Amino acid sequence: MAESRTLTLNMGPQHPSTHGVLRVLLELDGETVVKAKPVIGYLHTGIEKTMESKLYYKALPCTDRMDYLAPMSNNLGYCLAVEKLMDIEVPDKVKWARVCLAELTRVNSHLVWLGTHALDLGAMSMLLYTFRERELILDIYEACGGQRMMTSYIRIGGLAHELPKDFEQKVRNMIKIIRERLFDYEKLLTNNPIFIGRTKGVAVISAEDAMNYCLSGPMLRGSGIKHDLRKDNPYSGYENFDFEVPIGKNGDAYDRYLLRLEEIRQSFRICEQVLDGMPEGPYRAHVPGVVLPPKEDILQKMEAMIFHFKIITEGFKAPVGSVYQAIESPKGEIGFFITGDGTNKPRRVRVRPPAFVNLACLPKLVEGCLFSDVVCAIGSIDIILGEVDR
Amino acid sequence: MEEKIRQFLNSKFSDSIIREDNFRGEQSFYVKPESIFPICEALLENDDLDVKFLKDITAVDWYDHPLAENGRFEVIYNLYSFAHKYRFFLKVFLPEDNPNLTSLTGLWIGANWLEREVYDLFGVTFEGHPDLTKIITPDELEGHPLRKDFPLTYEKPRFSWNKDNPPEVIK
Amino acid sequence: MGLEEKIPDSIMLTTLDKMVNWSRRRSMWPLGFGLACCAIEMISTFGPHFDLARYGMEVMRPSPRQADLMIVAGRVSVKMAPIIKTLYEQMPNPKWVLSMGACASSGGVFNNYAVVQGVDRIIPVDIYVPGCPPRPEQLMEGILKLHEMVKKESIKNPREEWGRKG
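Computed from a prediction, not measured in an experiment: that's the story for all the values here.

Definitions and cut-offs
Residues numbered from 1 in each chain as written. Chains lettered and ligands numbered in written order. Predicted model: local features only at pLDDT ≥ 70, side-chain atom pairs only at ≥ 80, totals over all residues. Heavy atoms only, no water. Helix = DSSP H or I, 4+ residues; strand = E, 2+ residues; numbered from the N terminus. Rg over C-alpha atoms; globule rule 2.2 N^0.38 Å. Buried < 20%, exposed > 50% of the residue type's maximum accessible area, 1.4 Å probe, protein only. Areas by Shrake-Rupley, 256 points an atom, 1.4 Å probe, with all protein chains shown as cover. Lys, Arg positive; Asp, Glu negative; His and termini not counted. Charge placed at Lys NZ, Arg CZ, Asp CG, Glu CD. Core = buried A, V, L, I, M, F, W, Y, C linked by side-chain atoms within 4.5 Å. Contact = heavy atoms within 4.5 Å. Buried area = accessible area lost by both parts, 1.4 Å probe. Salt bridge = Lys/Arg side-chain N within 4 Å of Asp/Glu carboxyl O. Polar contact = N/O pair within 3.5 Å; in protein donor to acceptor, adjacent residues only side chain to side chain. Pairing = 2+ DSSP bridges. Axes fitted to C-alpha atoms, helices over the stretch in contact; angles between N-to-C directions. Expected span 1.5 Å × (residues − 1). Phe/Tyr/Trp six-rings, centres within 6.5 Å; stacked < 30°, edge-to-face > 60°.

Focus on the overall build of chain A
- On a plain count of helices and strands, chain A comes out with 17 helices and eight strands.
- Taken against the 2.2 N^0.38 rule, which gives 21 Å for 390 residues, the C-alpha radius of gyration of chain A at 22 Å falls within 12% of a compact globule.
- Principal-axis analysis of the C-alpha atoms places the extent of chain A at approximately 90 × 45 × 35 Å.
- Within chain A, the proportion of its 390 residues that are buried is 64%.
- Here chain A displays about 13300 Å² of accessible surface, and carbon together with sulfur accounts for 53% of that area.
- Of the side-chain charges in chain A, 48 are positive and 50 negative, and the distance between the mean point of each set is 4 Å.

Quick notes on the overall build of chain C
- Within chain C one finds six helices and four strands.
- When the elements of chain C are put in sequence order from the N terminus, they spell out α-α-β-α-β-α-β-α-β-α.
- Projected onto its principal axes, the C-alpha positions of chain C cover 75 × 40 × 25 Å.
- Expressed as a percentage of its 166 residues, the buried residues of chain C come to 51%.

Details of the nonpolar core
- Counting residues in hydrophobic clusters, the biggest one holds 216 residues, and the most contacted among them are A:Tyr78, B:Tyr77, B:Leu90, B:Trp108 and C:Met70.
- In terms of residue count, helix H4 (residues 92-120) of chain A provides more of this core than any other element does, 14 residues in total.
- Beyond its immediate chain neighbours, meaning those up to four positions away, A:Tyr78 contacts A:Met51, A:Tyr56, A:Ala59, A:Leu60, A:Thr63, A:Ile156, A:Phe336 and A:Ile338.
- Counting 22 residues, the second largest nonpolar core, distinct from the first, contains C:Met28, C:Tyr55, C:Met100 and C:Val150.

Points about the interface of chain B and chain A
- Across the boundary between the two partners, chain B contributes 46 residues, which contact 50 residues of chain A.
- With both sides pooled, the region where chain B packs onto chain A buries about 4000 Å², and carbon together with sulfur makes up 60% of that total.
- If you sort the residues of chain B by the area they bury against chain A, B:Arg24, B:Trp113 and B:Ile136 come out on top, with a joint share of 18%.
- Our count for the chain B to chain A interface comes out at nine salt bridges.
- Where B:Arg87 meets A:Glu333, a salt bridge forms, and the shortest distance between an N and an O atom there is 3.3 Å.
- The interface formed by chain B and chain A holds 25 residue pairs in polar contact (both at pLDDT 80 or more) in total.
- Here the side of chain B that touches chain A takes nine residues from strand S3 (residues 53-61) of chain B, the largest share from any one element.

Section: the sheet that holds strand S7 (residues 332-340) of chain A
Residue and element names in this part refer to chain A.
- With respect to topology, three strands assemble into an open sheet ordered S6-S7-S8, the strand pairing being antiparallel. Both outer strands of the open sheet, strand S6 (321-329) and strand S8 (346-352), are each paired with one neighbouring strand and no more. Shown here is a sheet whose adjacent strand axes are inclined to one another by a mean of 15°, direction ignored.
- Two strands pair when backbone bridges link them, and S6 and S7 are joined in this way by nine bridges, in the antiparallel orientation. Residue pairing in the sheet places Gly321 in a bridge with Gly340 of S7.

Overview of the sheet that holds strand S1 (residues 7-11) of chain A
All names here are of chain A.
- Taken in spatial order, the three strands make up an open sheet running S1-S2-S3, and their pairing is antiparallel. Looking at the sheet topology across the chains shown, the edges are occupied by S1 and strand S3 (32-39). Direction aside, the axes of adjacent strands within the sheet are offset by 20° on average.
- Judged from the five bridges that link them, S1 and strand S2 (residues 23-29) form a sheet pairing that is antiparallel. Each bridged residue has a counterpart across the sheet, and for Thr8 the counterpart in S2 is Glu27.

Here's the deal with the interface of chain A and chain C
- Listed by partner, the interface residues are 32 residues for chain A and 32 residues for chain C.
- In this assembly, chain A packs against chain C so that about 2800 Å² is buried in total across both faces, 65% of it on carbon and sulfur atoms.
- Broken down residue by residue, the surface that chain A buries against chain C is led by A:Gln14, A:Arg65 and A:Arg148, which jointly contribute 23%.
- Where chain A touches chain C, the interface holds two salt bridges.
- Between A:Glu142 and C:Arg135 there is a salt bridge, and its shortest N-O distance comes to 2.4 Å.
- The interface formed by chain A and chain C includes 13 residue pairs in polar contact (both at pLDDT 80 or more).
- Elements that contribute at least two residues to the side of chain A that touches chain C include exactly helix H1 (47-52) and helix H5 (124-145) of chain A.

Here's the deal with the side chain of A:His44
- Counting through the fold element by element, A:His44 comes out in the loop between S3 and H1.
- For A:His44, a relative accessible area of 5% translates into the label buried.
- Within the structure, the side chain of A:His44 is placed 3.1 Å from the backbone oxygen of A:Arg390, a separation counted as a polar contact.
- Apart from the residues within four sequence positions on either side, A:His44 is in contact with A:Asp389, A:Arg390, B:Ile136, B:Thr137, C:Ser77, C:Tyr113 and C:Ala114.

Topic: helix H3 (residues 71-86) of chain A
Residue and element names in this part refer to chain A.
- Given a rise of 1.5 Å per residue, 16 residues ought to cover 22 Å, and the 23 Å separating the end C-alpha atoms of H3 matches this to within 8%.
- A large share of H3 lies buried, amounting to 15 of its 16 residues.
- Directly beyond the C-terminal end of H3, a positive phi value near 60° is found at Asp87.

Thoughts on the pattern of salt bridges
Residues and elements named next belong to chain B.
- By the definition in use, this model includes 49 salt bridges over all chains.
- Across the pair Arg6 and Glu3 runs a salt bridge, and its minimum N-O distance is 2.8 Å. Remark: Glu3 and Arg6 occur in helix H1 (residues 2-13); sequence separation between them is three residues, near one turn of the helix.
- The exposure class of Arg6 is buried, given its relative accessible area of 18%.
- Here Arg72 ties to Asp149 by a salt bridge, and the two come within 3.1 Å at their closest N and O atoms. Here Arg72, found in the loop between S3 and strand S4 (73-81), pairs with Asp149, found in the loop between strand S7 (125-127) and strand S8 (154-155); they are 77 residues apart in sequence, far enough to count as distant.
- Judged by its relative accessible area of 4%, Arg72 falls in the buried class.

Remarks on the packing of aromatic side chains
Residues and elements named next belong to chain B.
- The full count for this structure, using the stated rule, is 18 aromatic pairs over all chains.
- Residues Phe29 and Phe88 carry aromatic rings whose centres are separated by 6.2 Å and whose planes lie at 85° to one another, so their mutual orientation is edge-to-face. Here Phe88 lies in strand S5 (residues 86-94) and Phe29 lies in strand S2 (residues 26-31), a separation of 59 residues in the sequence. This pair shows no difference in class: Phe29 is buried, exactly as Phe88 is.

Below, the structure is given as structure tokens:
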């Protein structure tokens, strides 16, 4: 009798379907995965440490570069956390605009996820379609913040500047186009026997395990647990909007695919409600000494210019204390834990990265699966290595 | 909900609660380091409170700050009650030399990576952890980067006028 | 009916250099290798809207053995640096490197312990594309500039970092 041994296989960090620089050590028995061990840290950028060495204002651009598919969500989380720490209340218009931008980000992130996930499973054309649609959203970003991806548009106490004049028309146009094209995606994938074969019953995680692994976002909801921070702990005025939280049943990759498609539709609903009832008002809160005054005031008023100068050079001093603000990012719960220590720099900025926590369940997802399902499992978690490693 | 948790903690662990704090509407309980595991275990078993979620574990380094008299490291456990949609924090202060806690991996498997991260970035050790190794930083890196005495290592940018000099590193 | 009249129809006169450079330029296959944010813009560039296939570059090669051009798209962490070096060494000659974005070129906003301050510390770089992240048009401009450089190269004098001297 020949002795049977397992084979250890290294996957990554340079691998086309690990979505970046994830490395997985796989122990294989034939085609079956016995054990998987994700190795991370290949994109460790020291973002938390960098943010701790900057003024509160200047740490904002670092948040864009963590989850680079959902920059606005990260901006929003950070700004809400600092606003909580400084006890700032922002105008209603800002809240509504932020909700709309955060939902656009969700659509953007889910589109990229859909394209890359389908590409991993062999549907090359999906990538081309979703990246075509994504350009529409990037155009809106560019009109708002002047950059395609790293806009830093949401600022502490408000927005960087006024929303563009054609914002409403652009968003409505985008919603109209993508809504129609979602049907095309469904035609391509939802009943596609190959796609179903590759995803149904693959990478299953039960509700108890999902709780035990502390998952969040679509990974948790895919297993049938209805937990969405937008509903459960509303922030930034989400309680004003009417939307459904889709949940899955079986907790497999196929359920998570359906769930994310439905989330895109719900995001559109929220965006339309925002556009229908956008209140009038200033685009930034008036809190002298903490929030930058609007540009028009700086050019005309003396105090505004002095405050502007002081905030840019010295920043503002935060009280001693810790706040935690969690928001529902496309990947799950992204939380910003900010500790002020009485100086103008944060003592600690901790990001609770949803992808990091979700990735920890990869060994459970692929245990006993076939080797080719590992790619599907990694894809369905929807990881972004910039956020996992920070 | 706040009152419920306070009653629960006071009824069973009254001698381990040091103090409590409410900052910006967020409730936190400062507890003794050795009692963190029993408290979490009791919370997890109590169906009424339904504290089934461990959202996050993180730490703060109070190096060179007046608050460091309680202990240099503050480890924060972020717990969430699903039924009551309520979030609260358990905080412990740890001394500078040999900061040590009991691992929560027996209660939540998800604590595994979170604790490894705290160990990697702050050097807080967790007893009973199955695999307490570096997770994010390279193996060659010595020290724990998020400690305040670890230098950020700023490197002077090179322009055309200083491009021939070796890069100047400020620690 | 001199010889000169027949030549343009059937024969083309050129130098070997020009021909080799033309073929290298027109089928430069990039290594499908993304690090961070810039990787998404790189995919956008290869995608339908910007369409890098116009320059004969639509095939991303996942294996370094089949690639000619390495686009370092994103920040290079200290942990990743040895792997990038290995990948570069695995690529066959001739090979080029394009450093995409501020982080790969100079460390960008991340001037700290974890990020290599410019990928040129570990591998030779031919073209730097600034931006955070660069727009797809910027990346294409960089690639076209690289094509211009390749046009001027000569097979008589291969570059030193390729490991064989002319």
